[in-house]
Amino acid sequence: MISTVLVAPDWFVNTNHTGFFVAERQGYYRDVSLRLQFLPYVDHPTAARRVLGGEAHVGLGPQETVIAYAEREVPLVAVAAVNAHNSSALAVLESSDIVRPRDLDGKRYASYGARFERHVVEQVIRNDGGDGDIDERVLPKPTVPDALLTDEADCTWVFPTWEGVEARLNGHPLRHFPIVDYGIPDMYTPVIFCRQDTADAQQPFLRDFLAATARGYEFAADYPEQAAQMLLESFPDGFENQRLVTESQAEASRFYRDPGTPWGVIDPDMWRDYGHYLYRLGFITDKKGRMVEREPDWDAMHRSDLLPDAP
């Protein structure tokens, strides 16, 4: 009997997602009697709410999503890291006179409205010697990456491996300020998460799913050109620019894992360092917006024992 795995994505299909479709096309899910159903991206409800509401078995999102739901009645838990490191960056048009983060003081920032987003952006600016004074403009999520081109904003947050490549191919290259280069601890984005009770009750199902998914991402890490072709074949009408997929994949595949480390493993120290950073600066609050009095249990928010190479 074949079971279907419902996945709620964090964004429209891109090369952060390639491993899922490699696993599907290579028959890795079929090998463990599973079928992938990658749900269409929607702005509302979020992937986290789709998982919590039972619409999806697993979801994708940044480490902050799991942290934000840690104090809820039904918490989320991260079960694998899609990328081994944070490849995201603040971005401005290369033609802009903004040449470093401190130049962003007083500038318009196109925001996704994520819980810790503004705090991190402000801190990047402060860490470069600025005041962290931005004009945040929360836009509909699908339009945020285009805000620089429509002159709705001077800066936004992107994945250079996708939006950066896309902007360059479209003749509007971006200048990137990688988050990790400006005093922000490394973090996982995106991770695969599920309800904590699901992780406890459906371990065989999740182990099979993650084993097949790991094979897909390991293949994509080793063979980016072939992986890009499989992503294109999975969505024959989904990408206007096939070159975007192939050039993006060459960049994205480098972030899936560290040399000598299996895909998906979450380093407890890396997770804890980023969480502690948010806590130390007072960014972690309860549902009423009050700073939490006690530092959360970071280790309870993730687990790697469901991965195929778990000890």
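Summarised in this report is the structure supplied together with it. (Residues numbered from 1 in each chain as written. Predicted model: local features only at pLDDT ≥ 70, side-chain atom pairs only at ≥ 80, totals over all residues. Heavy atoms only, no water.)

## Things to note about the sheet that holds strand β10 (residues 191-195)
Sheets are built from strands that pair by backbone hydrogen bonding, the pairs being arranged parallel or antiparallel. Reading across from one edge, β2-β1-β3-β10-β4 is the order of the five strands in this open sheet, with mixed pairing throughout. The strands lining the two open edges of the sheet, one partner per strand, are β2 (34-38) and β4 (76-81). Across the sheet, the axes of successive neighbouring strands diverge by a mean angle of 30°, strand direction being ignored. Bridge analysis of β4 against β10 gives five bridges, and the strand direction is antiparallel. Each bridged residue has a counterpart across the sheet, and for A81 the counterpart in β10 is V191. Packing against the sheet, helix α8 (residues 203-222) makes contact with β1 (3-8), β2, β3 (58-61), β4 and β10, and its axis sits at approximately 70° to β1. (Pairing = 2+ DSSP bridges. Helix = DSSP H or I, 4+ residues; strand = E, 2+ residues; numbered from the N terminus. Axes fitted to C-alpha atoms, helices over the stretch in contact; angles between N-to-C directions. Contact = heavy atoms within 4.5 Å.)

## Describing the sheet that holds strand β7 (residues 135-138)
Strand order in this open sheet of five strands is β7-β6-β8-β5-β9, and the pairing throughout is mixed. Unpaired on one side and paired on the other, β7 and β9 (174-178) mark the two borders of the sheet. Here the strands of the sheet are splayed against their neighbours by 35° on average, with no regard to which way each runs. Taken together, the two bridges between strand β6 (residues 108-111) and strand β8 (residues 155-158) define a ladder with parallel strand orientation. Opposite Y109, over in β8, you have C155 as the bridge partner. With respect to the sheet, helix α5 (residues 117-127) is in contact with β5 (89-93), β6, β7 and β8, its orientation differing from that of β6 by roughly 145°. In the packing of helix α6 (residues 160-169) onto the sheet, contacts are made with β5, β8 and β9, and the angle to β9 comes to roughly 160°.

## Digging into helix α1 (residues 18-25)
Among the eight residues in α1, six count as buried, and that is most of the element. Considered for burial, the residues of α1 that qualify are T18, G19, F20, F21, V22 and A23. Looking one or two places after α1, you find G27, whose phi comes out positive at around 80°. (Buried < 20%, exposed > 50% of the residue type's maximum accessible area, 1.4 Å probe, protein only.)

## Digging into unusual backbone geometry
Trans peptide bonds make up the majority, and among non-glycine residues the majority have a negative phi. At the junction of H44 and P45, the peptide bond is cis and its omega measures out at -5° in the coordinates. Residue P190 is reached from T189 by a cis peptide bond, and omega for that bond is -5°. Phi at S33 is positive, roughly 60°, even though this residue is not glycine. Within the secondary structure, S33 sits in the loop between α2 (28-31) and β2. Relative accessible area serves as the criterion here: at 33%, S33 is assigned to the partly exposed category.

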